[in-house]
Amino acid sequence: MSLGILPSRSAALEQVDSLSLPTKRDEAWRYAPHKTLGQLTFGPAASTDAALADIDSQIPQLDGPLLVVVNGVVDAGRSRLGALPDGVSLVSLADAADEAADVLERVHEEADDAFSVINRAYGTGGAVIQISGQQSETIHIVDVAVPGAEQNASSSRVVIDVAAGSSAVIVETRIGSGDSFGGSNVRTEISLAADASLEHIILQDLPATQIHLGRVDVVQAANSTLRARLFNLGSDYGRVAYYVHLTDEGAHADLSGLYFGFGEQTLDQQITVVHGAPNCTSRQSYRGVLDDSSTGVWNGGVDVRVGADGTDSEQSNDNLLLSRKAEINTMPRLEILADEVSCQHGATVGQLDEEALYYMRSRGIPAEEASRLLINGFADQMMDDLESDTVRAWITERLGHANV
Amino acid sequence: MLHVEKLTASIGDTPILKGLDLAVGAGEVHAIMGPNGSGKSTFAHALAGRDGYEIGGTVTLDGADLLEMEPEARAAAGVFMGFQYPVEIPGVNNMYFLRTAVNSVRRTLGEDEIGARDFLKVAEQAMELVEMKKDFLYRSVNAGFSGGEKKRNEILQMAVMQPRLAVLDETDSGLDIDALRVVAKGVNSLRGPERSMIVITHYQRLLDYIKPDFVHVLVEGKIVESGDHTLALHLEENGYAGFVNHDLDDAPLSGASA
Ligand SMILES: Nc1ncnc2c1ncn2[C@@H]1O[C@H](COP(=O)(O)OP(=O)(O)OP(=O)(O)O)[C@@H](O)[C@H]1O
Ligand SMILES: [Mg+2]
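Residues numbered from 1 in each chain as written. Chains lettered and ligands numbered in written order. Predicted model: local features only at pLDDT ≥ 70, side-chain atom pairs only at ≥ 80, totals over all residues. Heavy atoms only, no water.

1. Describing the overall build of chain A
In step 1: Looking only at helices and strands, one finds seven helices and 19 strands in chain A.
In step 2: Taking 2.2 N^0.38 as the reference for a compact globule, 404 residues should give roughly 22 Å; the C-alpha atoms of chain A span a radius of gyration of 21 Å, in line with that estimate.
In step 3: When the backbone C-alpha atoms are referred to their principal axes, chain A occupies close to 70 × 55 × 45 Å.
In step 4: Buried positions account for 58% of the 404 residues belonging to chain A.
In step 5: With an accessible surface of roughly 15,300 Å², chain A has 47% of that area assigned to carbon and sulfur atoms.
In step 6: Across chain A, 27 positive and 58 negative side-chain charges occur, with their mean positions spaced 6 Å apart. (Helix = DSSP H or I, 4+ residues; strand = E, 2+ residues; numbered from the N terminus. Rg over C-alpha atoms; globule rule 2.2 N^0.38 Å. Buried < 20%, exposed > 50% of the residue type's maximum accessible area, 1.4 Å probe, protein only. Areas by Shrake-Rupley, 256 points an atom, 1.4 Å probe, with all protein chains shown as cover. Lys, Arg positive; Asp, Glu negative; His and termini not counted. Charge placed at Lys NZ, Arg CZ, Asp CG, Glu CD.)

Next comes the structure, spelled out in structure tokens:
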């Protein structure tokens, strides 16, 4: 490792033994399975010698640069880091050069929770991505959790820096291996300089025996654009939290996502967008489909700070409940301390439209297929604007239907 | 071909169809007219198989008992209903919907499915017939379509499905003059010895374009008068007053003290 222990890491290591985990009283953790969270065990990352099932079949096959992290350690053999495009720097966190220290030591405004302290302490592996120029190749980071005997949960970090006026598409696919209990704790830190733009996609698809805890902190400078796309599909408890801070005028954050729950899954999205400067815009648009006894959580906040005049924000959360036992908890939050602000939000919870089903059946389409078409139609709208056809195809395949 | 005998339909305790009799022969076009709320759409839905009615009586198509069948089975048996209020289906591509419909029926009938490319030709022909712009094929089913566009889309579906019995529920309502001509053209081009049609309308105007073999007047859940196309002209002149009164004369006076 070319770096000494980062100051933030040593502080975290000191804290880690005395941490108290979030409880039901923490609004952002209200629907988390607190007991099972306590059964996750963390520790320093160590290469795993566990035999890995074929991961290629579990991830989209993108052509561009690829970095694979297994249990918090970069797997050079599975990665593809040769011949990076000009303007793309993609290195293992452990190998990050000293000049990246400031990127790694970035301080985020949003308070650390216990799992982000754990991430600071043990998340020594992962990716540091620095972008300049207009990048057309999609960069792919794959995180694989393989519960081990020593510890069942892994931590890793993805640090993304997009230089002024530059743009890129980055996909983070998060999967797991095996069928024992465990999980992953992945923290992504994104910084967009002025006029930068990033499409950032998370494909969360851990096995249903595992837990995924994702946290994404974003800082956006003037006129930068973030397009964050979340496909929260796997895990027993699959959680992704976004804290997006619009620090300068004209920044635009567009977040959307789809969660699709089966069985006993709980899929939890926690979003906070802070409008910290005038004339920024933000969009949050999430859809959930919940079958069986699954639970969806959508907690979306817009925080308009003093002076952030001219803020324009919209939030929507639409849900389809396919079973009587499925549940959705949807909570928009708004705090407005500025003037001339337009903030809209709406949430819907519905069942399959009986009239639409009848209409389709009257055209000869069997009931079951009609339901499937309706569900897919609802879900597919969340992938309409994805840049990568490969990613879109992967999602539709994963959801069990061929693309139209 | 279609035989309807003593058809009753009620919702909860409210009877809506009260013993409707109708026989439609192969190749015939029957128009049904009647005041608002008389049960015309209910009749159409009873034929198409909508849930939620208490149904009595018999309905057979080519001898097969329609009332026993699920809506999709009725479609496979050749029933097509053009909805008075076509349903919007966001996120489901019109072309994909049409192809799935056609192939579902084919599968049920044990026929080979049509591939995407061959189907495109079929769809494009039908689009031409109803003078719809191509991009409608790639939009979500009826989503954001204007009232008239939705009705054209119904005729498009009918043209693609080639039903044995088409029941068109106020397909002419809300159409401008050109659209009316287009819809009529679509209907007329599908007329044939092997296809029967029931055309529900409020306007004799449509019947200038689509000349029916028979016209029926539906009042309070029953057919109270049948005739040829001149009956429609009579209704246009005189309204339903005569029929409604006649019907009320026969009915026990509700609310009146005996
Ligand atoms: N779900 C329902 N519950 C109770 N009554 C209903 C229901 N649906 C329809 N009706 C009633 O049944 C009657 C017949 O309705 P229907 O839609 O068949 O009439 P219609 O002849 O098609 O009228 P219009 O010319 O206005 O289209 C009406 O009085 C209507 O209010
Ligand atoms: Mg009607």
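2. Some points on the interface of chain A and chain B
In step 1: With 19 residues of chain A at the contact, the number on the chain B side is 32 residues.
In step 2: Roughly 2,100 Å² is buried in total at the junction of chain A and chain B, and carbon and sulfur atoms are behind 63% of that figure.
In step 3: The tally of links between chain A and chain B comes to five salt bridges.
In step 4: Remark: the boundary between chain A and chain B carries eleven residue pairs in polar contact (both at pLDDT 80 or more).
In step 5: Within the residue set of the side of chain A that touches chain B, elements represented by two or more residues are helix 5 (354-361) and helix 6 (367-380) of chain A.
In step 6: A per-element tally of the side of chain A that touches chain B places helix 5 of chain A first, with six residues.
In step 7: Grouping the constituent residues of the side of chain A that touches chain B by class yields ten nonpolar, four polar and five charged. (Contact = heavy atoms within 4.5 Å. Buried area = accessible area lost by both parts, 1.4 Å probe. Salt bridge = Lys/Arg side-chain N within 4 Å of Asp/Glu carboxyl O. Polar contact = N/O pair within 3.5 Å; in protein donor to acceptor, adjacent residues only side chain to side chain. Nonpolar A, V, L, I, M, F, W, Y, C, P; charged D, E, K, R; others polar.)

3. A look at empty space enclosed by the protein
Residues and elements named next belong to chain A.
In step 1: Scanning all chains against the criterion turns up two cavities of 30 Å³ or more.
In step 2: The calculated volume of the second largest cavity comes to roughly 100 Å³.
In step 3: In this structure, the second largest cavity is lined by 14 residues; those nearest its centre are W29, D113, F115, G214 and R215.
In step 4: Elements with a contribution of two residues or more to the lining of the second largest cavity: helix 4 (114-122), strand 8 (182-192), strand 10 (210-220) and strand 12 (237-246). (1 Å grid on protein atoms, 1.4 Å probe; cavity = no way out; pocket = protein on both sides within 12 Å on 5 of 7 lines; lining within 4 Å. Points joined across faces, edges and corners; volume = space filled by probe spheres on them.)

4. Concerning the confidence of the model for chain B
In step 1: Here chain B shows a mean pLDDT of 91. Residues at 70 or above account for 95%.
In step 2: Overall, residues 247-258 of chain B carries pLDDT values under 50, and its contacts beyond four positions in sequence, including any with other chains, amount to four contacts. (pLDDT = per-residue confidence, 0-100.)

5. Let's talk about the sheet that holds strand 10 (residues 196-200) of chain B
Residue and element names in this part refer to chain B.
In step 1: One open sheet holds the six strands; their spatial order is 6-9-10-3-11-12, and the pairing between them is mixed. Of all strands in the sheet, those with a lone pairing partner are strand 6 (79-82) and strand 12 (222-227), marking the two edges. On average, each strand axis in the sheet is inclined to that of its neighbour by 20°, with strand direction left out of account.
In step 2: Examined bridge by bridge, strand 3 (residues 29-33) and strand 10 share four bridges and lie parallel to one another. Its bridge partner being in strand 10, A31 is matched across the sheet by V199. (Pairing = 2+ DSSP bridges. Axes fitted to C-alpha atoms, helices over the stretch in contact; angles between N-to-C directions.)

6. Comments concerning helix 5 of chain A
Residues and elements named next belong to chain A.
In step 1: Counted residue by residue, helix 5 has six buried out of eight residues, so it is predominantly covered.
In step 2: All of the buried residues along helix 5 are A356, L357, Y358, Y359, M360 and R361.
In step 3: Sitting at the head of helix 5, D353 places a side-chain oxygen 2.9 Å from the backbone nitrogen of E355.

7. Considerations on the coordination of the magnesium ion (ligand 2)
Residue and element names in this part refer to chain B.
In step 1: With distances of 2.0 to 2.1 Å, the protein atoms coordinating the magnesium ion (ligand 2) are S41 (OG) and Q84 (OE1). Taken together, the residues S41 in helix 1 (residues 40-48) and Q84 in the loop between strand 6 and strand 7 (89-93) connect sequence positions 43 residues apart.
In step 2: The class for S41 is partly exposed, based on a relative accessible area of 21%.
In step 3: Since its relative accessible area comes to 16%, Q84 is described here as buried. (Donors = N, O, S within 2.8 Å, 3.2 Å for Na, K, Ca; no water.)

8. Overview of the environment of B:E170
All names here are of chain B.
In step 1: Looking at where E170 falls in the secondary structure, it is placed in the loop between strand 9 (165-169) and helix 6 (177-190).
In step 2: In sequence terms E170 and K151 are 19 residues apart; their C-alpha atoms lie 8.9 Å from each other.
In step 3: Apart from residues no more than four positions distant in its own chain, E170 is found in contact with K40, Q84, K151, I200 and H202.

9. Describing helix 1 (residues 7-16) of chain A
Residue and element names in this part refer to chain A.
In step 1: Listed in full, the buried residues belonging to helix 1 are R9, A12 and V16. Mapping the buried residues of helix 1 onto a view down its axis gives an arc of 60°, with all of them on the same face. When the buried face of helix 1 is taken as reference, the exposed residues oriented beyond 90 degrees from it are P7 and E14.
In step 2: Of the surrounding elements, those touching the buried residues of helix 1 are helix 4. (Arc of directions from axis to C-beta.)

10. Comments concerning the site of ligand 1
All names here are of chain B.
In step 1: In the vicinity of ligand 1 there are 13 residues, among which G37, K40, S41, T42 and H202 approach most closely.
In step 2: Between ligand 1 and T42, the relevant distance is 2.5 Å, taken from an oxygen atom to a side-chain nitrogen or oxygen of the residue.
In step 3: One of the side-chain nitrogen or oxygen atoms of E170 is found 3.3 Å away from an oxygen atom of ligand 1.
In step 4: Starting from 640 Å² of accessible surface for ligand 1 in isolation, the protein chains cover 58%.
In step 5: Here the shell around ligand 1 takes three residues from helix 1, the largest share from any one element.
In step 6: When the residues that make up the shell around ligand 1 are grouped by side-chain class, the tally is three nonpolar, eight polar and two charged. (Near = heavy atom within 4 Å.)

11. Points about the pairing of strand 5 (residues 139-145) of chain A
Residue and element names in this part refer to chain A.
In step 1: Taking burial as the measure, the seven residues of strand 5 include seven buried ones, the bulk of the element.
In step 2: In strand 5, alternate side chains face the same way, and those of I139, I141, D143 and A145 on one face and H140, V142 and V144 on the other are all buried.
In step 3: Here strand 1 (residues 66-70) pairs with strand 5 via five bridges, running parallel. Counted as the bridge partner of V70 is V144 from strand 5.
In step 4: In this structure, strand 5 lies alongside strand 7 (residues 167-176), joined through seven bridges in parallel fashion. What sits directly across from H140, in strand 7, is V171.

12. Observations concerning the sheet that holds strand 17 (residues 312-321) of chain A
Residue and element names in this part refer to chain A.
In step 1: One open sheet holds the ten strands; their spatial order is 2-1-5-7-9-11-13-15-17-19, and the pairing between them is mixed. Strands at the two margins of the open sheet, each flanked by one partner only, are strand 2 (73-74) and strand 19 (342-350).
In step 2: By the bridge criterion, ten bridges tie strand 13 (residues 252-261) to strand 15 (residues 281-290) in an arrangement that is parallel. Bridging across to strand 15, A253 finds its partner in S282.
In step 3: Docked against the sheet, helix 7 (residues 389-398) engages strand 7, strand 9 (197-205) and strand 11 (225-232), running at close to 25° with respect to strand 9.

13. Some points on the pattern of salt bridges
Two side chains bearing opposite charge may form a pair once their charged atoms approach each other closely.
In step 1: Scanning the model with the defined rule gives 37 salt bridges over all chains in all.
In step 2: Linking B:E88 and B:K150 is a salt bridge whose minimum nitrogen-to-oxygen distance equals 2.9 Å. Here B:K150 lies in helix 5 (residues 147-161) and B:E88 lies in the loop between strand 6 and strand 7, a separation of 62 residues in the sequence.
In step 3: Each of the salt bridges in this network shares a partner with another, and the network as a whole consists of A:E199, A:R227, A:R229, A:D254, A:D385 and A:E387.

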